[in-house]
Structure formats: C-alpha cells, structure tokens
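Single-letter residue listing:
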Amino acid sequence: MRVVLKSIFGSLLPSLATVALVFAIGPGAAMARAPSPLSQDDVAWLRRDGFDLDSATVARYRDLGRSRFLDRQLDDRDGDAMPPQITSLIDSYEVVNTPTEQLLANLRDEQEKIKAMPDGDDKTAAKKAQQEHANLLLQQAQQIELLHAIYGPNQLKEQMVWFWLNHFSVYGAKGRVRWVAADYAQNAIRPHALGKFRDLVMATLQSPAMMEFLDNAQNAKGHVNENYARELMELHTLGVNSGYTQQDVQQLALILTGSGVAPLRERPMLDRHPRVAAQFVRNGLFEFNPMRHDYSDKVLLGQKIKGSGFHEVEQAVDLITRQPACAQFISRKLAAYFVADDPPPALVAKMARTFQRTDGDIADVLRTMLESKELSASYGKKFKDPMQFVVSSVRVAYDGKPIVNARPLINWLNQLGEPVFGRLTPDGWPLDASGWSSSGQMAKRFEIAGAIGTGNNRLLTPEGLPRNGGDFPMLTTRLYYDTFDPYLSTATRDALAKATSQQEWNTFLLSSPDFNYR
Amino acid sequence: MNRRDFLRAATAAAMAAPAFSFSGRLFAAPASAPRFLLVFLRGGYDCNNLLVPYASDFYYESRPTLAIARPDAGNVNSAIALDSQWGLNPVLRDSIYPLWQKGQVAFVPFAGTDDLSRSHFETQDNIESGEPSGQRSDFRSGFMARLSGQMSSVPSIAFTDALPLTFQGGTRDIPNISLRGNTKSVFDTRQADILAGMYRNTSLASAASDGLELRQTVSKELQAEMMKANRGAPNAKNFAAETQRIATMMRDQYRLGFVDVGGWDTHVNQGNVTGGLANNLANLGKGLAAYADALGDEWNNTVVVVVSEFGRTFRENGNKGTDHGHGTVYWVLGGKVNGGRIAGEQVAINAQSLLQNRDYPVLTNYRDMLGGLLGRTWGLSGSQLQAVFPGARPRDLQLA
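Computed from a predicted structure; not experimentally measured.

**Student:** Please clarify how the overall build of chain A should be interpreted in this entry.
**Tutor:** A tally of helices and strands in chain A yields 27 helices and 5 strands. Principal-axis analysis of the C-alpha atoms places the extent of chain A at approximately 80 × 60 × 40 Å. In chain A, which comprises 518 residues, the share counted as buried stands at 58%. A separation of at least 24 residues holds for 73% of the contacts in chain A among residues at least 6 apart in sequence. Considering chain A, the positive charge centre built from 58 side chains and the negative charge centre built from 59 side chains are found 1 Å apart.

What follows is the structure, encoded as structure tokens:
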C-alpha cells in the first residue's frame, strides 16, 4: 500500500485533488490487509504509551493486543534494537566507542598538557579545541538519546528513559558532565528505567554525572557540601515540604561524605592504611573513599544510622525510598507526565499504593496508571512538550526510515528551549503545558513542523555535505489513514483541506492541536 | 484596549473575515508613555572590571593580572575616571561613556539580593521571582508578570526563546520572541490564518494566533526597517543589531520588556581591557548605545536597568579569573535618568569591607531599588508595589 501511495505522490505533485483522491482510497485499501482501523481508544492509548505512533508500533500492537503488548513492554522483552543504519551511526560516535574512563583519562592528559603550555596563542587554541571536543561529545550524547527515542521499539521504555533523565536531571555544560552524559543515560538510567526505583536512585547516586553535577564529588569530612543531599530528598525522592528537615539534609550530607568520582590514578595512601582500604568501594567510575568519610553516627528521618562507611548510603536510600512521601511524589510526577498536568488525586493514590506494595516497582506503578480509567478520561488533553513534539513528529513523518543526521533534532530542541542535558537547574524541565505554550513557543513549534513537513532540513543529509533539496516526507500514509484520519477534529480537517501541497499538508498536520495534544 | 481585549477582537474579526488580519499597530502605546527594559546578564558578571574602584590600593593588590590601570590621559587602556573613586572600563569609551557625559547613565554599586547561596540558578530565579529569598511562595510567578498585571494598558514582551520566569504566572498573555536570529516569517498570511484557525476553539487560541501575528509583524515591518538600517543585513549577528530590533518594537508597540545576555561566568582567564569579559562588556555597551540611538526621541521616555544575579570575588583566583560573589553593580540608563553619578549607599573598598572576606556586600537590595524606580516611573501606589515585590521596602534612589 505504501508503495502505491508513494508512486502516486512521486509521479504527481499532490494538489488538493490528489489529497482528496488518497483520502478516498486510503482507508479502503488499508482494509484489504488489516481488519479495521484501530479504535479511537486504542489509538489514544498507544499515542500516550509512546512518543506517538509509527507503523511498526501499530503493527506490534495489532498482533499482540493491548494486554500482551503492555506485558512485553513492562517486562522489557522488546529489547532496544534499532534499524542497523541508526545503530551504526551511534556506534560511530566517539562517546560510544571510547570507554568513559578512557575519555576522562584523555581529558586529564589534555588538561595537564595545556596547563604546562606557556601563555599565548597556542595555549588559547588548545583550550578552544578542548572545549569544542567537549561540546561534540555532549552533542553525541544528545543525539543518542533522541535516536533511541525515535527508533526504540519499546516506546514506553523510551519515554521512561527520558522521564528519568529529566527527573534526575544533569546539566551537560557543568564540569566534566559532557564527558559522562552518554554513560549516564546508557548505564545509570536505561537499565533501571522500568525496574525498582531504589536501584535507579542508587545508580544515579553512583554515576559520575550526578556526583559531578551536584558536587558530591567534593563532599568530604570537614568540607561538607549539602547540594546533592538536599536535591536527593527534595527533587529525586520525597519532594519539597514532605516533612524532612534541614537537620535531615545535614545528616544525609554527612552520610554521603566520601562518595564521589574515582580518581583516574591509584591512591598510594590506601596502601599505607590497610584497615581503611577494606572499606574502600570502587564500582566503575564511582568511588567511596573512606579517608574522606565522616564515620560519626547519624540520625536520618528519625532513624539511627550507625557510622559504617558506604553501607550508610545504602541504608539511607532504602529508608528514603520507602517513605510514603516518596511513593506519593514519584507517582504524582509520573501521572503529571503521562496523564494530566494536575493529575487526579485518586489515580495518584492508587499508583502510590502500588509503589509501596511492590517496594517501588516502576513497571507495576506504570501498569496501574496505564490501565486506569483516569488515563482514558484524559485522552486528547495532554499538550506535548518540545521533546515529545520533535520526537513524535519525526516518528510519524519518517515512519521508521533511518535519518542520517541527528543534528537538526538537537537544534530544534535548542530552539524550543528543552535541550537534552540542557537544564541548568537540577529540577528538570517542566511537565505541564504552561511551560511550553507561550506565544513565542507556539510560533516556533509551527516553524519546526514546517521544517519537518517541507523537508527543509538536513535529516537526510550526512554532516558536512551540501543539502539534498526537495526530499520531503510523506505523511499521507496508511499509518495516517488508519490512526489519525478517522478521529481528526473538524478544525484540523478543514485546515488540511486547504493545503495546496503535500509539504503544506504535512506542516498543518504536525502543527495541529490533534497532533500536539495527545 | 489591552492586549487580551485586542486578541479577542482580533479573533472575532478573524472569524468574521476570511483572512486573519495581523495588525500589531492597533495596540501601539501613546507616544509619551514610559518604557522599561530589564537586561539580565546571566552568569554573574564581574562588576569590578566594569566600575573600577581605582582609588583603592586593595583593588590593585587583589588583582595582579585583572586590574585595570588608574586613569591616565596618556594610556588608552586605563580606566576612564567617572569621579574621584570610580573609573569605567575603557572598552566602553565610545558607547556608554558618551551617555554618562550626557547624564543618562547611573551606576548602583553594592546592589543585589539577600540570597547568599552564590548559586546561579537559585539567585537568578530569586531575582526573576521578585519574592523575598527563602520565602518564595509561588515558584511560577515573576515580578515582571505581576508588574504587567498592575498596569493593564502596558503591553509587555520578552525578547527570549521561551517565556522567562519573571514573566510567568501573570493574569495576561505575555508574548515572547527571540530577535537574535533570522526573524523572517516562515508562513504567509494565508498559512498563518489556517494555522491559527486550527487552535481557534482551544485554550491555546491566543498563544497560537499571537505568536504567528508577532512573527508576521516582525517580518513585515521590522525586517523592512532593519534591512534599511543594516544595509541589507537581515541577521542580528551581535547584541547591537538585536537591540536595534528591540528598540523598534519597544518604540512602536511595547512598553515593558525583558532580554537576557549570557556568557558572564568568568572563572578562568577573564582578562581586563582585552579578553572574554572585555569583549562581552564592549558588546553590551554597543548594544545599549544602539538601543538608545534607535529609540530616537522615545529614549527620553525610557528606563533600562541592567542586572546580574550576583557579583564575583573581589580577588582574582588561581586561574586568572573570579569566582561567584555577592554584591554587584547595576546600571540604570535612559534619556531622562538622573545619571552621571554613582547612586546608592557605598562603603570604602578594602579588605575589611568585603563580605565574608570575599566579595562586595549588598547595601541596595534589588527589590527595594526596582520598587522605588518602577513606582516613580509609572506612578504606582504602595499597595501596587507590594503586589509586585511582596514585603519589599521600595527605596527611591532618585534615579528617574
């Protein structure tokens, strides 16, 4: 069917008449291969489950039915496989094919070299080159996240990776975060995106990105830095005003002393202190250094925690993540992302009960939410944030076809003010419509819809080459006729009918409220 | 007609007429109305290399590589004496100094917040919110939005990519547009009409039509004017080109504006009369002078305030830069500004007067100062000012 459509459009620049023609033959032809278009409820549910639709997702959903489709997603049985072209694009990135420890070691060597240089043009040039290299690594990390979001087969998982990256937000431009951002997404967030919340907290806690971003790498006995301890409770687990005190922040900061990023060279000091060495913890680039730890006994949230080294951190995280406030805070935020800006309290309570019953099993909490009547009551009312808008636009427009250049995706997110790893503050980007629906944002969003819809972009042009002109995507596909077309509002239908070219039609569809609300 | 009424009327008109009409000039302000632009330098700029305390030996001891030389007629790289204590960075000789000589610039040293976190984001958010630090009750409400809400006939705008916190949480729609890049509209009137039409009955109706309308206005009117002014160069490649565009919009349509400028966080190799900070200051100075110039007679009805979240350490650090500090210097500019002077409370500049042996103390709180200034500019009552800056004690520094 798609081949037929393409040949129609290929031979004839679509005018109003051809759009109308396809309108007429589209659904009928689709029915020849599939029993019927998806129901409105199925379409709405599926658009919420992932970054909107592509044909592969719809086909899988049809094959499995909602229940088995959801089971496979929550059990993470779909894997992360992407089109081979996308996988090889990602594999070509330095940030992927060089181990993180090696990247940091290279940085250290480079910095030492620059430091030793005499002041002058050479030194300035070397510094500039190092900054450019750092920015390149960050851009690669951003591209990887976007490519996974677009092409990842388990779209619920992809949304959760993005959700947690935002919840446990790190700012790429701070310190060495640019070198470890890709590692953070891939090794701290992704493996635990659908697992136990406690494990996710521990993974982020032990990531060099978080240790660096929130300064716990500097938190040591006698030089206590409270930054991470505060955000761990306020932003990551319990929420502000949930009952913990300044005293709790200070005690948690003491518990976290000595946890930081591993030095890239051995510490000879440890050899001379065998008893201390036994307490030493090294896990990838995470290091717990007993020499920097405050071993006093602490009281956190009313519980005594005996000074014992890294075990204190595990006890503290267990304690914090089992607070009812944590179940409530995380459930509410998930519901705010997936269901409604101001989610129904009954739904949040239901999710929080699941959270507590399952000891923070993220997949179970998601199941409660995705099977709730509150979710279906919210269909069509959740405004996409820029990430959801850009990713879903490319998914619908290219429908699985591999792009060769992910840089435009980064530029669009920059223009819309929501770059991956770009949130300066640790609170993450807003999840509600008001953060993303100002007049300037709307105009910019329409322009980006235009850039995608008209093909006036470099997604299909390898970096460094002159742009291929005239290659615009085809949005009038079977995917469209089976899923979007039957349920469009009159206003959008009227707008599409006024389109005078396929490019304009694409632009209107991607700009429409029907597409921008899900 | 206020903005919301205008949009309602425009929407009604659009529904009646086949083509949506974009008529930004409809809500042009009266010619003599005051205009206020807040310029936010993000990153905490080093005020001590803007306003050089040249009478202080301690300044020269503290900054072996960063200090700017004492005023010296024979040295173009020396500070320009503003009075017996303070000198101006010579990179501002052709932009800001002429305005100073005309009495159109005042500097307020030892200004800032009572937030001692020295954290960029906390302090920036604090300033934008305008609430007492540590007692913020609404994290999505900014003082410019509340100010705009107090004056229903004052059209407001942010010249930024996204709506900044300071303009969020208000009762009216506040448009935002970045004038940095190419402002050419992507859509023609027919397309814009169709796009806006899709949102007509949604809660984003005004945001959608307003955004498109603004793009159209900028494209049609501003582009033509800027093409002339810039001899055909349509892109704002620097801050001066951007501020000329801002001036056109502030002159014709808006009276309360916000723009931010980044890149002031100079921990390493900050430089003095050359280098990163000097480039930024020169760029900023040219931008502000271009703004004054482009406003023409309306410069006399204009106040521009330049703020930053905090100052920097008085002493230079081990990397020939400066670290996060506290008190800073604010700038107040305008045709009728009571300028050519250093305003507000001051202390001697020596090791003893530094806060925590580190940076300038804050003697003028930004909420009190802006409250006094804005109250005077717009004739706001005490209760109106309390709505804008809750709990502040507005202080009139006789700046305007």
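**Student:** Help me understand the sheet that holds strand β3 (residues 286–288) of chain A, please; the structure alone is not making it clear to me.
**Tutor:** Within a sheet, neighbouring strands are paired by backbone hydrogen bonds and run either parallel or antiparallel to one another. All names here are of chain A. A sheet is described by the order of its strands in space; here 3 strands give the open sequence β1-β3-β2, paired in antiparallel fashion. Every other strand in the sheet has two partners, leaving β1 (259–261) and β2 (281–283) as the edge strands with one partner each. Each strand axis lies, on average, 20° off the axis of its neighbour in the sheet, ignoring direction. Direction of pairing for β2 relative to β3: antiparallel, over a ladder of 3 bridges. Pairing of R282 across the sheet is with E287, part of β3.

**Student:** Before we go on, may I ask you to explain the nonpolar core in this structure?
**Tutor:** In globular proteins that are soluble, nonpolar side chains generally tend to be buried together. All names here are of chain A. W164 and L366 are the most contacted members of the largest nonpolar core, which totals 165 residues. Ranked by residues supplied to this core, first place goes to helix α8 (residues 121–151) with 10 residues. Not counting the four nearest positions on each side in its chain, W164 is found in contact with I189, A193, F197, L200, I330 and I362.

**Student:** Help me out: how do you make sense of the environment of L355 of chain B in this one?
**Tutor:** Relative to the elements of secondary structure, L355 of chain B occurs in the loop between β10 (341–342) and β11 (364–365). Spatially, the C-alpha atoms of L355 of chain B and G327 of chain B are 8.7 Å apart, while their sequence positions differ by 28 residues.

**Student:** Looking at this model, I keep getting lost on unusual backbone geometry. Mind explaining?
**Tutor:** Glycine aside, the phi torsion of most residues is negative, and most peptide linkages are trans. All names here are of chain A. The residue D52 is not glycine, and still its phi comes out positive at about 60°. Inspection of the secondary structure puts D52 in the loop between α3 (40–49) and α4 (55–74). Residue D52 is classed as buried on the basis of its relative accessible area of 2%.

**Student:** Sorry if this is basic, but what is going on with the confidence of the model for chain A here?
**Tutor:** One rule of thumb: low pLDDT means the predicted coordinates there are not for detailed reading. Overall, the predicted model of chain A reaches an average pLDDT of 90, with 92% of residues at or above 70. Long-range and interchain partners of residues 1–32 of chain A, a stretch whose pLDDT sits below 50, account for 38 contacts in this model, where long-range means more than four residues apart.

**Student:** Can you help me understand the pattern of salt bridges in this one?
**Tutor:** Side-chain pairs of opposite charge can arise whenever the charged atoms involved come near each other. Residues and elements named next belong to chain A. Under the counting rule described, the total for this entry stands at 50 salt bridges over all chains. With its nearest N and O atoms 2.8 Å apart, the salt bridge here joins E158 to R190. With E158 in helix α9 (residues 155–167) and R190 in the loop between α10 (177–189) and α11 (197–205), this pair connects stretches of sequence that are 32 residues apart. Each member of the pair, E158 together with R190, is buried. Put simply, K382 and D341 hold a salt bridge, and the shortest N to O gap is 2.6 Å. Placement of the pair is K382 in the loop between α20 (373–377) and α21 (386–398) and D341 in the loop between α17 (324–338) and α18 (345–357), with a sequence separation of 41 residues. The buried category is assigned to K382, whose relative accessible area is 2%. Relative accessible area serves as the criterion here: at 34%, D341 is assigned to the partly exposed category. In the salt-bridge network here, residues are joined through shared partners; they are D76, D80, K157, E158 and R190.

**Student:** How should I be thinking about the packing of α11 of chain A against helix α16 (residues 311–321) of chain A in this particular structure?
**Tutor:** Residue and element names in this part refer to chain A. Contact geometry for α11 and α16: axes closest at 10 Å, N-to-C directions at 135°. It follows that α11 is oblique to α16 by the angle criterion. α16 is crossed by α11, and the crossing has right-handed handedness. Each of F197, R198, V201, M202 and L205 in α11 lies in contact with α16, whose residues at this interface are V313, E314, V317, D318 and T321.

**Student:** I keep staring at the sheet that holds strand β3 (residues 80–81) of chain B and nothing clicks. Help me out?
**Tutor:** Residues and elements named next belong to chain B. Spatial ordering of the open sheet is given by β2-β4-β3, a layout of 3 strands whose pairing is antiparallel. Pairing within the sheet leaves two strands with one partner each, and these edge strands are β2 (51–52) and β3. Here 2 bridges tie β3 to strand β4 (residues 87–88), and the two strands are oriented antiparallel to one another. In the sheet register, A81 faces β4, and the bridge partner there is G87.

**Student:** What exactly am I supposed to notice about the side chain of K382 of chain A here?
**Tutor:** In terms of polar contacts, K382 of chain A uses its side chain to reach the backbone carbonyl oxygen of A336 of chain A, at 2.7 Å. In this view, K382 of chain A contacts R48, A336, Y337, V339, A340, D341, L431, D432, N516, Y517 and R518 of chain A; residues no more than four positions away in its chain are not counted.

**Student:** Just to check I follow, could you spell out the interface of chain B and chain A for this structure?
**Tutor:** Many descriptions give the size of an interface as the accessible area lost when the pieces come together. The partner chain A presents 34 residues to the 28 residues of chain B that form the contact. Summed over both sides, the interface between chain B and chain A buries roughly 2,600 Å², with carbon and sulfur atoms accounting for 63% of that surface. Broken down residue by residue, the surface that chain B buries against chain A is led by F121, M198 and Y199 of chain B, which jointly contribute 23%. Our enumeration of links across chain B and chain A arrives at 3 salt bridges. The shortest N-O distance in the salt bridge between E447 of chain A and R215 of chain B comes to 3.0 Å. Run the count over chain B and chain A and you get 11 residue pairs in polar contact (both at pLDDT 80 or more). Within the residue set of the side of chain B that touches chain A, elements represented by two or more residues are α6 (189–198) and α7 (205–229) of chain B.

**Student:** How should helix α5 (residues 84–91) of chain A be read in this particular structure?
**Tutor:** The α-helix winds at 3.6 residues per turn, so residues separated by three or four positions along the chain end up facing the same way. Residues and elements named next belong to chain A. Residues of α5 that are buried include every one of I86, L89 and I90, and no others. For α5, the angular spread of the buried residues around the axis is 95°, confining them to a single face. Against α6 (94–97) and α8 lie the buried residues of α5.

**Student:** Mind showing me how you'd approach the packing of α8 of chain A against α9 of chain A here?
**Tutor:** Packed helix pairs are specified by the crossing angle of their axes together with the interaxial distance, meaning the distance between the axes. Residues and elements named next belong to chain A. Interaxial distance between α8 and α9 falls to 8 Å at its minimum, and their mutual angle equals 150°. If you check the angle between α8 and α9, you find them roughly antiparallel. For the pair α8 and α9, the contacting residues are E145, H148, A149 and I150 in the first and Q155, E158, V161, W162 and L165 in the second. Counted by class, the contact of α8 with α9 contains 5 nonpolar, 2 polar and 2 charged residues.

Cut-offs used in this document
Residues numbered from 1 in each chain as written. Chains lettered and ligands numbered in written order. Predicted model: local features only at pLDDT ≥ 70, side-chain atom pairs only at ≥ 80, totals over all residues. Heavy atoms only, no water. Helix = DSSP H or I, 4+ residues; strand = E, 2+ residues; numbered from the N terminus. Buried < 20%, exposed > 50% of the residue type's maximum accessible area, 1.4 Å probe, protein only. Contact = heavy atoms within 4.5 Å. Lys, Arg positive; Asp, Glu negative; His and termini not counted. Charge placed at Lys NZ, Arg CZ, Asp CG, Glu CD. Pairing = 2+ DSSP bridges. Axes fitted to C-alpha atoms, helices over the stretch in contact; angles between N-to-C directions. Core = buried A, V, L, I, M, F, W, Y, C linked by side-chain atoms within 4.5 Å. pLDDT = per-residue confidence, 0-100. Salt bridge = Lys/Arg side-chain N within 4 Å of Asp/Glu carboxyl O. Parallel < 35°, antiparallel > 145°, perpendicular 65-115°, else oblique. Left-handed = near helix turned anticlockwise from the far one by under 90°. Polar contact = N/O pair within 3.5 Å; in protein donor to acceptor, adjacent residues only side chain to side chain. Buried area = accessible area lost by both parts, 1.4 Å probe. Arc of directions from axis to C-beta. Nonpolar A, V, L, I, M, F, W, Y, C, P; charged D, E, K, R; others polar.

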